[in-house]
Number of protein chains: 2
Amino acid sequence: MIKTVRFTDVQIELAHGAGGKASRRLIEGLLLPYLTNPVLEALSDAASLEVNGTRLAFTADSFVVKPLKFPGGSIGELAVNGTVNDLAVSGAKPLALLSTLILEAGLSAETLELQIRAMAEAGERAGVNIVGGDTKVVEHGKADGLYITTAGIGLVDTRVKLSPGQVRPGDQILISGPIGDHGITVLLARGELDLEANLSSDTRAIWPLVELLIDKAAPGLRWMRDPTRGGVATALNELARDAKVGIALCEEKIPVREPVRGACEVLGLDPLHIANEGQFIAVVSKEYAEQGLESLRALPGGSLSAIIGEVCEEHRGSVVVRTSYGATRVVDMLVGDPLPRIC
Amino acid sequence: MIKTVRFTDVQIELAHGAGGKASRRLIEGLLLPYLTNPVLEALSDAASLEVNGTRLAFTADSFVVKPLKFPGGSIGELAVNGTVNDLAVSGAKPLALLSTLILEAGLSAETLELQIRAMAEAGERAGVNIVGGDTKVVEHGKADGLYITTAGIGLVDTRVKLSPGQVRPGDQILISGPIGDHGITVLLARGELDLEANLSSDTRAIWPLVELLIDKAAPGLRWMRDPTRGGVATALNELARDAKVGIALCEEKIPVREPVRGACEVLGLDPLHIANEGQFIAVVSKEYAEQGLESLRALPGGSLSAIIGEVCEEHRGSVVVRTSYGATRVVDMLVGDPLPRIC
């Protein structure tokens with residue numbers, strides 16, 4: 001049972017949608033007190049339901065990214081991959097998706113068609129059909145072209161039991177690839193900054209990687225999450241809090257591409273706070289971590305996966321990063337919203 | 001296999017979201033050609049999936065109603081009831097809901113809290129929990145307070161087999177109560193018309209009524225739909241087209257409250273085109289129709305249900321209404337969008 005937090009803000013701000021502290025306060029302080037039930041209170045990426053003895057995962061996300069297209073992807077791909085990935089990190093094979101569209105009057109049919117095609121192709125790559133949905137239209141000016149919501153249903157792999165409660169000191173923190181590509185790509189695609197970089201979004205369906213990790217390391221798999229809004233730091237802070245453990249990351253092990261590192265330095269951001277749309281974090285017991293990592297590295301798209309730290313007894317409830325010079329710094333959840341409308 | 005329609009409009013207009021002819025053209029001409037798969041092509045209210053031998057229904061809808069509150073309901077109640085009802089008319093007992101919010105920066109926390117409470121209460125009345133979701137925030141002006149999307153999963157009652165292909169001449173058309181209350185209520189709540197009426201939205205979960213009808217008339221139950229956008233006329237025109245039958249309604253049998261009739265006369269609208277949010281149409285074989293009707297009438301909220309017409313051999317593909325004077329008129333699907341943003 002999560003303790004209720006008081007939500008005292010008088011109005012909604014962009015930060016409430018950023019996936020960081022303000023989002024958590026909104027959810028725990030204003031939504032959970034009314035919508036209380038054991039499944040929701042788990043606050044995981046997907047709800048878990050047992051129906052006639054079959055364990056299903058069920059998840060939905062809305063996408064309001066701006067701009068609609070950016071290097072490496074578009075809102076349509078994000079909408080498919082984002083929901084597929086929420087199922088995947090719940091240990092569930094995606095079975096079917098629904099998609100609802102909120103369209104702005106005046107949206108060109110060509111733009112819409114491009115996005116429908118992007119969704120169809122992303123669905124095909126992820127091996128999942130869009131089996132239904134809904135379309136609404138609002139007046140010109142009342143949306144930015146289109147907002148997409150996708151819901152997904154998946155079949156939970158019975159070999160895994162994932163939850164913060166499974167996490168133990170000594171467990172290893174595995175990341176599937178370089179972090180921050182998506183957030184920085186979208187930020188630069190807005191053209192508001194005088195920065196350019198050879199970078200594209202990492203949006204992709206991670207199920208093939210997750211499925212392999214389950215095959216190779218299921219008994220040691222404790223917890224997974226796709227670090228989207230709020231980045232790796234927010235996901236791990238939530239884990240540290242919920243599992244009542246400490247987390248220690250080793251800075252030099254964290255894969256970050258040069259353009260992301262450069263943009264973050266210029267902008268005063270931490271790559272650990274930047275959104276990813278094609279990566280996942282897995283906490284794996286020590287005895288399974290190396291073989292899990294090796295198998296991921298052998299798969300296309302997994303070559304840059306890495307063990308970036310471990311769960312520890314110390315500094316319970318928080319995440320620290322050890323630099324290569326031996327210093328340590330505490331990394332908090334994302335506060336505020338440096339990059340609104342990122343997904 | 002639905003024949004593909006050409007979508008030749010260059011941009012999206014409000015009518016594409018009205019649930020009538022333009023919506024159908026958008027779906028069949030632009031969405032289906034890309035998202036083709038057998039489940040989607042059924043174009044039913046909910047997708048039907050078999051998982052480990054269990055038949056599930058899976059549905060999602062976005063809600064953009066304006067204003068957010070109106071007599072008898074609000075966007076939060078609509079969002080819960082609308083998705084529960086899409087499951088119900090698929091013969092499925094609602095198991096769980098997800099809810100995603102797109103919030104406008106500047107929305108008052110009080111307004112949001114009211115809607116969360118409305119959703120929670122509607123869920124409780126419908127006997128279904130909201131087990132997860134997502135929250136995004138867009139800039140001020142980029143949404144009207146809030147848009148809500150709900151997704152639902154339901155367990156299909158194995159006693160029923162519903163589809164247009166089951167419908168036969170002689171089958172009876174049953175409606176669960178008076179039509180047009182929701183659409184006219186929202187229209188008047190906008191205050192743009194110099195009309196007042198003692199009327200409130202019919203928003204409610206129809207599962208208790210549907211469940212009883214299944215109990216009493218399952219072998220004769222052919223097809224169900226909740227006539228939301230586009231109204232009874234659009235739902236029945238789609239049925240006539242898909243089932244290749246004619247449908248004849250008897251005007252004096254159609255329950256319409258006086259304020260709805262009056263407003264429609266003043267505005268030049270047909271109550272058969274007005275959205276409902278708490279009614280359903282059931283096509284029932286002749287031998288089960290009367291006992292189905294009687295059982296519905298005995299249930300709270302079902303006393304005004306009625307048999308309003310029948311399926312016939314004549315005028316296949318269209319819907320006609322016989323007036324009390326013996327005249328008949330053809331009633332088409334909704335064309336254009338007389339009442340935008342109704343749900």
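Colleague: Could you clarify how one ought to interpret the overall build of chain A in this entry?
Modeller: If you tally the helices and strands in chain A, you get nine helices and 14 strands. On C-alpha atoms alone, chain A measures out to a radius of gyration of 19 Å, which is about the 20 Å that the 2.2 N^0.38 rule sets for 343 residues. Seen along its three principal axes, the alpha-carbon backbone of chain A occupies a region of about 55 × 55 × 45 Å. Per-residue burial for chain A yields a buried fraction of 62% across its 343 residues. Across chain A, the fraction of contacts at a sequence separation of at least 24, relative to all contacts at a separation of at least 6, is 83%. Split by element, the accessible area of chain A, about 12900 Å² in all, is 49% carbon and sulfur. Side-chain charges in chain A split into 33 positive and 43 negative, and the spacing between the mean points of these groups amounts to 5 Å.

Colleague: Mind showing me how you'd approach the pattern of salt bridges here?
Modeller: Any two side chains of opposite charge can pair, given that their charged atoms come close. Residues and elements named next belong to chain A. Inspection of every chain in the model, using the stated rule, returns 50 salt bridges over all chains. A salt bridge links Asp 181 to Arg 257; its shortest N-O distance comes to 2.6 Å. Here the residue Asp 181 occupies a position in helix 5 (residues 181–189), and Arg 257 occupies one in the loop between strand 10 (246–250) and helix 8 (258–267), the gap between them amounting to 76 residues. According to the relative accessible area criterion, Arg 257 is partly exposed, its value standing at 37%. Here the salt bridges do not stand alone but share partners, grouping Arg 24, Glu 28, Arg 225, Glu 238, Arg 241 and Asp 242 into one network.

Colleague: Explain the interface of chain A and chain B to me, please; I cannot follow it from the model alone.
Modeller: Size of an interface: often given as the accessible area lost when the parts come together. Between chain A and chain B, the contact holds 73 residues from the first and 73 residues from the second. Summed over both sides, the interface between chain A and chain B buries roughly 6400 Å², with carbon and sulfur atoms accounting for 68% of that surface. Of all residues in chain A, Ile12(A), Tyr34(A) and Phe58(A) give up the largest surface area on contact with chain B, accounting jointly for 11% of the area buried on that side. At the boundary of chain A with chain B, the tally comes to eight salt bridges. Salt-bridge contacts for Glu139(B) lead to Arg341(A); the nearest nitrogen and oxygen are separated by 2.3 Å. At the junction of chain A with chain B, the criterion picks out 33 residue pairs in polar contact (both at pLDDT 80 or more). With ten residues, the single largest contributor to the side of chain A that touches chain B is strand 6 (residues 129–138) of chain A. Of the residues that constitute the side of chain A that touches chain B, the class distribution is 41 nonpolar, 18 polar and 14 charged.

Colleague: What is the right way to read the sheet that holds strand 10 of chain A from this model?
Modeller: What links the strands of a sheet is backbone hydrogen bonding, and the strands pair in either a parallel or an antiparallel sense. Residues and elements named next belong to chain A. Strand order in the open sheet formed by seven strands is 9-11-8-12-10-13-14, and the pairing between neighbours is mixed. The outermost strands of the open sheet, each flanked by one partner alone, are strand 9 (221–225) and strand 14 (328–331). Neighbour to neighbour, the strand axes of the sheet diverge by 25° on average, direction disregarded. Pairing of strand 10 with strand 13 (residues 319–322) involves four bridges; the strand directions are parallel. Of the residues in strand 13, the one forming a bridge with Leu 249 is Val 321. Where helix 6 (residues 207–217) meets the sheet, its contacts fall on strand 9 and strand 11 (281–284), and the angle it forms with strand 9 comes to roughly 170°.

Colleague: Help me understand the packing of helix 6 (residues 207–217) of chain B against helix 9 (residues 286–298) of chain B in this model?
Modeller: In a packed pair of helices, the relevant descriptors are the angle between the two axes and the axis-to-axis distance. All names here are of chain B. Interaxial distance between helix 6 and helix 9 falls to 9 Å at its minimum, and their mutual angle equals 140°. Judged by the twist between their axes, the crossing of helix 6 over helix 9 is right-handed. Contact residues: helix 6 offers Leu 209, Leu 212, Leu 213, Lys 216 and Ala 217, while helix 9 offers Tyr 288, Gln 291, Gly 292, Ser 295 and Leu 296. Class assignment of the residues belonging to the contact of helix 6 with helix 9 gives a composition of six nonpolar, three polar and one charged.

Colleague: Please clarify how the nonpolar core should be interpreted in this entry.
Modeller: Most often, soluble globular proteins have nonpolar side chains that are buried together. Ranked by size, the top nonpolar core spans 74 residues in total, and within it Leu112(A), Leu236(A) and Leu249(A) carry the most contacts. When sequence neighbours within four positions are dropped, the list of residues in contact with Leu236(A) reads Ile173(A), Trp223(A), Ile247(A), Leu249(A), Ile281(A) and Val319(A). Ranked by size, the runner-up nonpolar core spans 73 residues in total, among them Phe7(A), Leu32(A), Leu97(B) and Ala235(B).

Colleague: I would appreciate a short explanation of the state of the cysteines in the present structure.
Modeller: Here a disulfide denotes one covalent bond, and it connects the sulfur atoms of two cysteines. All names here are of chain A. Here the structure, examined in full by the defined rule, presents zero disulfides over all chains. With no disulfide of its own, Cys 343 has Cys 264 as its nearest cysteine by sulfur position, at a separation of 17 Å. Given a relative accessible area of 4%, Cys 343 falls into the buried group.

Colleague: Even after reading the chapter, I still don't get the layout of surface pockets, so can you show me in this structure?
Modeller: To find leftover empty space, one rolls a probe the size of a water molecule over the atoms. Residues and elements named next belong to chain A. The computed volume of the largest pocket comes to approximately 850 Å³. Lining the largest pocket are 33 residues, with Ala 42, Ser 44, Leu 162, Ser 163 and Pro 164 sitting closest to its centre. For the lining of the largest pocket, the leading source of residues is helix 7 (residues 231–243), giving four residues. Partitioning the lining of the largest pocket into residue classes produces 16 nonpolar, five polar and twelve charged.

Colleague: Teacher, can you tell me more about the confidence of the model for chain A here?
Modeller: Reading fine detail from the predicted coordinates is not recommended where pLDDT is low. Averaged over every residue, the pLDDT of chain A is 94; residues scoring 70 or more account for 99%. For this predicted complex, the interface confidence comes out at an ipTM of 0.95, alongside a pTM of 0.95.

Colleague: Where do I start with the sheet that holds strand 5 (residues 92–104) of chain B in this structure?
Modeller: Residue and element names in this part refer to chain B. If you trace the five strands from one edge of the open sheet to the other, you get 1-2-7-5-6, paired in mixed fashion. The sheet is open, and its two edges are formed by strand 1 (47–51) and strand 6 (129–138), each paired on a single side. Mean inter-strand twist for the sheet, computed between neighbouring axes without regard to direction, equals 20°. Two strands pair when backbone bridges link them, and strand 1 and strand 2 (residues 54–63) are joined in this way by five bridges, in the antiparallel orientation. Looking at the pairing, Leu 49 lines up with Leu 56 of strand 2.

Colleague: Before we go on, may I ask you to explain the relation of the copies chain A and chain B in this structure?
Modeller: For these two chain copies, the linking operation is a rotation about an axis paired with a shift along it. Under the fitted operation, chain A is carried onto chain B by 0.0 Å of movement along the axis and a turn of 180°, and the coordinates agree to an RMSD of 0.0 Å. The relationship between the two copies is best expressed as a two-fold rotation axis. Closest to the rotation axis within chain A is the C-alpha of Lys142(A), separated from it by 2.4 Å. An overlap of 100% is found between the interface residues of chain A and their copies at the interface of chain B, pointing to a shared contact surface.

What counts as what
- Residues numbered from 1 in each chain as written.
- Chains lettered and ligands numbered in written order.
- Predicted model: local features only at pLDDT ≥ 70, side-chain atom pairs only at ≥ 80, totals over all residues.
- Heavy atoms only, no water.
- Helix = DSSP H or I, 4+ residues; strand = E, 2+ residues; numbered from the N terminus.
- Rg over C-alpha atoms; globule rule 2.2 N^0.38 Å.
- Buried < 20%, exposed > 50% of the residue type's maximum accessible area, 1.4 Å probe, protein only.
- Contact = heavy atoms within 4.5 Å.
- Areas by Shrake-Rupley, 256 points an atom, 1.4 Å probe, with all protein chains shown as cover.
- Lys, Arg positive; Asp, Glu negative; His and termini not counted.
- Charge placed at Lys NZ, Arg CZ, Asp CG, Glu CD.
- Salt bridge = Lys/Arg side-chain N within 4 Å of Asp/Glu carboxyl O.
- Buried area = accessible area lost by both parts, 1.4 Å probe.
- Polar contact = N/O pair within 3.5 Å; in protein donor to acceptor, adjacent residues only side chain to side chain.
- Nonpolar A, V, L, I, M, F, W, Y, C, P; charged D, E, K, R; others polar.
- Pairing = 2+ DSSP bridges.
- Axes fitted to C-alpha atoms, helices over the stretch in contact; angles between N-to-C directions.
- Left-handed = near helix turned anticlockwise from the far one by under 90°.
- Core = buried A, V, L, I, M, F, W, Y, C linked by side-chain atoms within 4.5 Å.
- Disulfide = S-S within 2.5 Å.
- 1 Å grid on protein atoms, 1.4 Å probe; cavity = no way out; pocket = protein on both sides within 12 Å on 5 of 7 lines; lining within 4 Å.
- Points joined across faces, edges and corners; volume = space filled by probe spheres on them.
- pLDDT = per-residue confidence, 0-100.
- Least-squares fit on C-alpha atoms with pLDDT ≥ 70 in both.

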